[in-house]
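Observations on the three-dimensional arrangement
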Amino acid sequence: LEKKLNVTVLGGAGYIGSVLCRKLLEKHHEVTVVDKGFFGFEGLKEIEKDIKIVKKDGFDLIVEDLKNCDCFINLSGLSNDPMADFDPDLNFKLNTDLTEFTAKLCKLVGIKYLFASTASIYDFGTSDEKLDVIVDENVAVNPVKYYSLSKYNAEQKLLELTSEHFKPIIFRKATVCGYSPRMRYDLVVNTMVKDALKNNKLRLNAGGENWRPLIDVGDMCEIYSRCVDLDKTGIYNAVGYNIRVSELALRIYSVLLKEFGHNLDIECDYTFPKTEVRNYRVDGSKLWKEIDFKPQTGIQDSVKGILKNTDKINDFDNPIYYNITWVQRYLQHWLKY
């Protein structure tokens, strides 16, 4: 039998958090969401009576907020390159400083800490095929983009805090995909599905030759749920599979045409500089072995999950689905920093 725990999710109203809270409830854990609500709480509407929602900033957390907590999952921060490039200082504050602040708080109280880092740390922006290899957690990294660097810096802070009584787990997550009640259309698979439905067209930069590591949001949440009481520490790649973007387009095309009768065009821009597209492959076997779980959801099922819910999320121009658009529009009304 699984042990019932009290789990706090920072950023629990977000794209991953909305699915994770449901997964934790399925496993009979008590769930507390700490979220300022910048993107709203719509993703938690169906389960709000089953969880506790604390509407506060992560920097405002105090020991008293965590007195009954067994595990703290940090999903917060600015979530991609466009967001980080828009406000680099805020990026480092929310991705690095907030991680250090909450980790120190959890270490003080004696709480398990799970951190959402990113596999884009491995993106060397290379078109050199000799460097185009599958990488594991032991490879040397040197992130230069604001987003991946802020996550890498946060990892270093956590490793420095690690002790016999504080054992954080760092997940270098592949790009997440699939349907969430707090939907996003600015992630590669979700974006391509949206483009196919809205424009009847998919455009592949540099011909789509680049590799991307992906994981379905449901599988990512299963991983989190299996680690809430895992007595391990360190860095783990959280990956479902690696796939070329060109094959990704063909899989999406196949699902749309065969199962939904929806035809579309695929265009390739071979003049697009290869160094400008993300290109990396990641080995997730260390984590799979540790928790005896290999992600189950392939690209077709992720696509089907989105398509089955498009009646709820088909206003494709709504800025709420695009983090950078939402931030550019509303950030000045929200920040206190």
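Residues numbered from 1 in each chain as written. Predicted model: local features only at pLDDT ≥ 70, side-chain atom pairs only at ≥ 80, totals over all residues. Heavy atoms only, no water.

What about helix H9 (residues 299–307)?
Let me state the cut-off plainly: Accessibility here uses a 1.4 Å probe with only protein chains present; expressed as a share of the type maximum, an area under 20% marks a residue as buried, one over 50% as exposed, and anything in between as partly exposed. The way it works is that DSSP assigns letters per residue, a run of H or I at least four long becomes a helix, a run of E at least two long becomes a strand, and they are numbered from the N terminus. Any two residues whose heavy atoms approach within 4.5 Å are treated as being in contact.
Three or more residues of H9 are buried, namely Ile-299, Ser-302, Val-303, Lys-304, Ile-306 and Leu-307. Buried positions along H9 lie against strand E8 (175–177), helix H5 (188–199), strand E10 (211–216), strand E12 (241–244) and helix H7 (245–260).

Some words on the sheet that holds strand E4 (residues 71–74)
Basically, it comes down to this: Should DSSP find at least two bridges between two strands, the strands are regarded as paired. Geometry is summarised by axes, namely lines fitted to C-alpha atoms with helices restricted to the contacting stretch, and by angles between N-to-C directions that run from 0 to 180 degrees.
On the basis of which strands lie adjacent, the open sheet formed by seven strands has the order E3-E2-E1-E4-E5-E7-E11 and parallel pairing. Of all strands in the sheet, those bounded by a partner on one side alone are strand E3 (52–54) and strand E11 (234–238). Each adjacent strand pair in this sheet contributes to an overall mean axis angle of 20°, direction not counted. Where strand E7 (residues 169–173) lies against E11, five bridges are found, and the strand directions are parallel. Paired with Ile-169 across the strands is Gly-234, a residue of E11. Against the sheet, helix H1 (residues 15–26) makes contact with strand E1 (6–10), strand E2 (30–34), E4 and E7, and its axis sits at roughly 160° relative to E2, the strand it touches most.

Quick word on unusual backbone geometry
One non-glycine residue, Asn-200, lies in the positive phi region at around 55°. Along the chain, Asn-200 falls in the loop between H5 and strand E9 (201–205). Backbone geometry at Asp-292 places phi at a positive 55°, although glycine is not the residue there. For Asp-292, the location among the structural elements is in the loop between helix H8 (285–291) and H9.

Brief notes about the packing of aromatic side chains
Where we set the bar: Stacked, edge-to-face and tilted are the three classes for Phe, Tyr and Trp ring pairs, Trp counted by its six-membered ring, which pair at centre distances within 6.5 Å; planes under 30 degrees apart are stacked, over 60 edge-to-face, the rest tilted. Charge-over-ring placement is defined geometrically: NZ (Lys) or CZ (Arg) within 6 Å of the ring centre, and within 35 degrees of the ring normal.
Under the defined criterion, the tally for this structure stands at 10 aromatic pairs. Ring centres of Phe-171 and Tyr-224 lie 5.1 Å apart, and the angle between their planes is 80°; this geometry places the pair in the edge-to-face category. Of this pair, Phe-171 sits in strand E7 while Tyr-224 sits in helix H6 (residues 217–226); the two residues are 53 residues apart in sequence, bridging distant segments of the chain. You'll find Phe-171 and Tyr-224 in the same group, each marked buried. A network of ring pairs unites the aromatic residues Tyr-185, Phe-316, Tyr-321 and Tyr-322 as a single cluster. When the ring centre of Phe-59 is taken as reference, the NZ or CZ atom of Lys-93 above it lies at 4.9 Å.

Notes on the side chain of Lys-304
Definition in use: In protein, a polar contact requires one atom able to donate a hydrogen and another able to accept it; more generally it is a pair of N or O atoms within 3.5 Å, and residues adjacent in sequence count only if both atoms are side-chain atoms.
Examined against the element boundaries, Lys-304 turns out to sit in helix H9. Among the polar contacts made by the side chain of Lys-304, one reaches the side chain of Glu-259 at a distance of 2.9 Å. When near neighbours in sequence (up to four residues on either side) are disregarded, Lys-304 contacts Val-255 and Glu-259.

In short, shape yes, function no, at least from these values alone.
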